[in-house]
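Summary of structural features
The chain contents come next:
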Amino acid sequence: MQVRQRLVGPASFGSNAALLLSGIGFAINAAGLAWLGVLAFLGVVLFQLVTLPVEFNASTRARVHLATTGIIAGDERDGVAKVLNAAALTYVAALITSALQLAYFVFRAAGMSGSDD
């Protein structure tokens, strides 16, 4: 959780600046600017990666809390577990999407860096 909190700033900056920096870099064929966008977006991906265990832990704790306080009955536990697991898996989907977008930016910037134009 502490690592996640430290990454909030870079991730916020990265999400706002990455597309702008890399987009302008790609548009004007400036590899250095595109790589700055890639680095900024890396902060977003790292933030999402660090968030995964926090979210899975929160789902697990919520399931236990709901059961121990009697908020849910025994026959509701399976349904609650499925919903909370699905909620946590949305963070996995977001991480995969961001990682693929990062890979796209890296390949695109690498192609610019390696061109002889």
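Residues numbered from 1 in each chain as written. Predicted model: local features only at pLDDT ≥ 70, side-chain atom pairs only at ≥ 80, totals over all residues. Heavy atoms only, no water.

A word on helix α2 (residues 31-68)
- With 38 residues, α2 ought to run about 56 Å at 1.5 Å a step, and its terminal C-alpha atoms sit 56 Å apart, in line with that.
- In the structure, α2 departs most strongly from a straight axis at T51, where the bend amounts to approximately 30° and where the proline P53 lies between one and four residues downstream.
- Directly beyond the C-terminal end of α2, a positive phi value near 80° is found at G70. (Helix = DSSP H or I, 4+ residues; strand = E, 2+ residues; numbered from the N terminus. Expected span 1.5 Å × (residues − 1). Bend = angle between axes of the 7 residues up to and from the residue.)

Examining a nonpolar patch on the surface
- Together, L36, L39, L42, L46 and L49 give the surface a local cluster of nonpolar side chains, amounting to about 440 Å² of exposed area.
- Positionally, L46 belongs in helix α2. (Patch = residues over 30% accessible without salt bridge, like charges linked within 9 Å, V, L, I, M, F, W, Y side chains within 5 Å. Areas by Shrake-Rupley, 256 points an atom, 1.4 Å probe, with all protein chains shown as cover. Salt bridge = Lys/Arg side-chain N within 4 Å of Asp/Glu carboxyl O.)

Topic: the nonpolar core
- Core analysis: the biggest nonpolar cluster contains 14 residues, and F26 and F41 have the highest contact counts within it.
- The set of elements that each furnish at least two residues to this core consists of α1 (2-27), α2 and α3 (77-113).
- If you tally residues by element for this core, the top one is α2, at seven residues.
- Beyond its immediate stretch of four places on either side in the chain, F26 contacts A34, F105, R108, A109 and M112. (Core = buried A, V, L, I, M, F, W, Y, C linked by side-chain atoms within 4.5 Å. Buried < 20%, exposed > 50% of the residue type's maximum accessible area, 1.4 Å probe, protein only. Contact = heavy atoms within 4.5 Å.)

A closer look at unusual backbone geometry
- Not every positive phi belongs to a glycine, and N29 is a case in point at roughly 60°.
- Summarising the element assignment, N29 is placed in the loop between α1 and α2.

Here we look at the confidence of the model for the protein
- Mean pLDDT over the protein works out to 87, with 96% of the residues at or above the 70 mark.
- Per-element confidence in the protein ranges from a low mean pLDDT of 80 for α1 to a high of 93 for α3. (pLDDT = per-residue confidence, 0-100.)

Here's the deal with the packing of aromatic side chains
- Counting across every chain of the model gives three aromatic pairs.
- Consider the rings of F26 and F105, whose centres lie 6.3 Å apart with planes at 40°: the pair is tilted. Of this pair, F26 sits in helix α1 while F105 is found in helix α3, placing the two residues 79 residues apart along the sequence.
- Classification of F26 as buried rests on a relative accessible area of 13%.
- Judged by centre distance (5.8 Å) and plane angle (55°), the rings of Y104 and F105 are tilted.
- The exposure class assigned to Y104 is partly exposed, which follows from its relative accessible area of 45%.
- Look at F105 and you get buried, because its relative accessible area is 6%.
- A network of ring pairs unites the aromatic residues F26, F41, Y104 and F105 as a single cluster. (Phe/Tyr/Trp six-rings, centres within 6.5 Å; stacked < 30°, edge-to-face > 60°.)

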